[in-house]
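Breakdown of the fold
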Amino acid sequence: VSAAGAALGLEGKAAIVAGAAGGVGGAIARGLHGAGVSVTLADRDAEGAGRLATELGEGALALDLDLRDDASIEACVAAAQARFGRLDILVNAACVYLDRGLASTRAEWHAALDVNLVGPALLLAAAAPRIGRGGVVVNVGSVGGKFAATGRALYPASKAALIQLTRNAAVTLAPQGIRVLSVSPAWTWSPALASLAGTPERADEVGRRLHPWGRVGRGEDVAGAVLLACSDLAGFVTGADIPVDGGFSALGPDQGRPPRDWFGGE
Ligand SMILES: NC(=O)c1ccc[n+]([C@@H]2O[C@H](COP(=O)([O-])OP(=O)(O)OC[C@H]3O[C@@H](n4cnc5c(N)ncnc54)[C@H](O)[C@@H]3O)[C@@H](O)[C@H]2O)c1
């Protein structure tokens, strides 16, 4: 257990991370495991989840999960609880990036919302009765759910809805002593960003203009915020969205440049 992990008081807890075979979900699973949390790595990519579980060793379990399937969701939650004897934390980090904007068909809308919104909602509903008092659900939102982007529709709508679901679930589950939060990354180094940028250096170089901190995010940045959210140190924080974006959402449309700049310094 890392020193930071011990300070957060998460040691001995048990978590499910949905989407753990992915870039961000994998980093979150690593972070929780490093903090002494037993982690169920749940993903449709069972092979990827299995590789990470083998790497992490004791206290990590890989499970096949398809968020589009009720039986798969129920089986995942039951198996995770049976393996570790408790359930304290659920992280919803799976997603699909399917989005053809306003050209998307009804089938595409359903497919995107099924994984990005409906699946996470049903996983939360299945997990909540098994999560004890002091438990936490963290949904991974996105700046995409808070700001407009030309040509996109499915992904941003799904993320905005997930951020709103977070608020509703937080007030619903507060009497059970379960906190519900979202974290919203901006551009984060991942297979999706790699396919556009090629290298982390190039991603940082281009991303610098949109992220005042001077670089794009890393999975570990998101993991750090999730660890904080899960700690009892954040025990009075619920229903909130935590930006993990290097200042991206602090900027307005003027990108932090005063009018003088836009007029060429006149
Ligand atoms: N990468 C970014 O720049 C960025 C920015 C903001 C938010 N996010 C959010 O972070 C999270 C992870 O994103 P990422 O970039 O690491 O994506 P990723 O594609 O690397 O990981 C997503 C994971 O979800 C899994 N998945 C897809 N469909 C599934 C299903 N039906 N059932 C179970 N698992 C399924 C995939 O197998 C994959 O392992 C997402 O919620 C995404 O919206 C990412």
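Our structure's up above, just so we're on the same page.
Presented here is an overview of the structure given in this document. Just so you know, these numbers come straight off a predicted model, no measurement behind them. (Residues numbered from 1 in each chain as written. Predicted model: local features only at pLDDT ≥ 70, side-chain atom pairs only at ≥ 80, totals over all residues. Heavy atoms only, no water.)

Topic: helix α6 (residues 154-173)
With 20 residues, α6 should cover 28 Å at 1.5 Å per step; its first-to-last C-alpha distance of 28 Å lies within 8% of that length. Along α6, the residues that are buried comprise L154, Y155, P156, S158, K159, L162, I163, T166, A169, A170 and L173. Turning to α6, the residues buried within the fold contact α5 (106-127), β5 (136-140), β6 (179-185) and β7 (241-244). (Helix = DSSP H or I, 4+ residues; strand = E, 2+ residues; numbered from the N terminus. Expected span 1.5 Å × (residues − 1). Buried < 20%, exposed > 50% of the residue type's maximum accessible area, 1.4 Å probe, protein only. Contact = heavy atoms within 4.5 Å.)

Let's talk about the pattern of salt bridges
Within this structure, the stated rule accounts for 11 salt bridges. With its nearest N and O atoms 2.7 Å apart, the salt bridge here joins K146 to D241. With K146 in the loop between β5 and α6 and D241 in strand β7, this pair connects stretches of sequence that are 95 residues apart. What makes D241 partly exposed here is its relative accessible area of 24%. As a salt-bridge pair, D204 and R218 come within 2.8 Å of each other at their nearest N and O atoms. Highlighted residues: D204 in helix α8 (residues 200-207) and R218 in the loop between α8 and α9 (219-230), separated in sequence by 14 residues. The class for D204 is buried, based on a relative accessible area of 12%. (Salt bridge = Lys/Arg side-chain N within 4 Å of Asp/Glu carboxyl O.)

Points about the site of the ligand
By nearness alone, 29 residues border the ligand, and V24, D43, Y97, Y155 and K159 come closest of all. Between G22 and the ligand, the recorded distance is 3.1 Å, taken from a backbone N or O atom to an oxygen atom. A distance of 2.6 Å separates an oxygen atom of the ligand from a polar side-chain atom of D43. In isolation the ligand offers 830 Å² of accessible surface; the protein chains occlude 90% of this area. (Near = heavy atom within 4 Å. Polar contact = N/O pair within 3.5 Å; in protein donor to acceptor, adjacent residues only side chain to side chain. Areas by Shrake-Rupley, 256 points an atom, 1.4 Å probe, with all protein chains shown as cover.)

Remarks on the sheet that holds strand β4 (residues 89-92)
Reading across the sheet, the seven strands line up as β3-β2-β1-β4-β5-β6-β7 and stay open at both edges, with parallel pairing between neighbours. This sheet does not close on itself; its edge strands, each paired only once, are β3 (60-64) and β7. Across the sheet, the mean angle from the axis of one strand to that of its neighbour is 20°, orientation sign disregarded. Pairing of β5 with β6 involves five bridges; the strand directions are parallel. Its bridge partner being in β6, N139 is matched across the sheet by S182. Across the sheet, α9 lies against β4, β5, β6 and β7, angled at about 165° from β6, the strand it touches most. (Pairing = 2+ DSSP bridges. Axes fitted to C-alpha atoms, helices over the stretch in contact; angles between N-to-C directions.)

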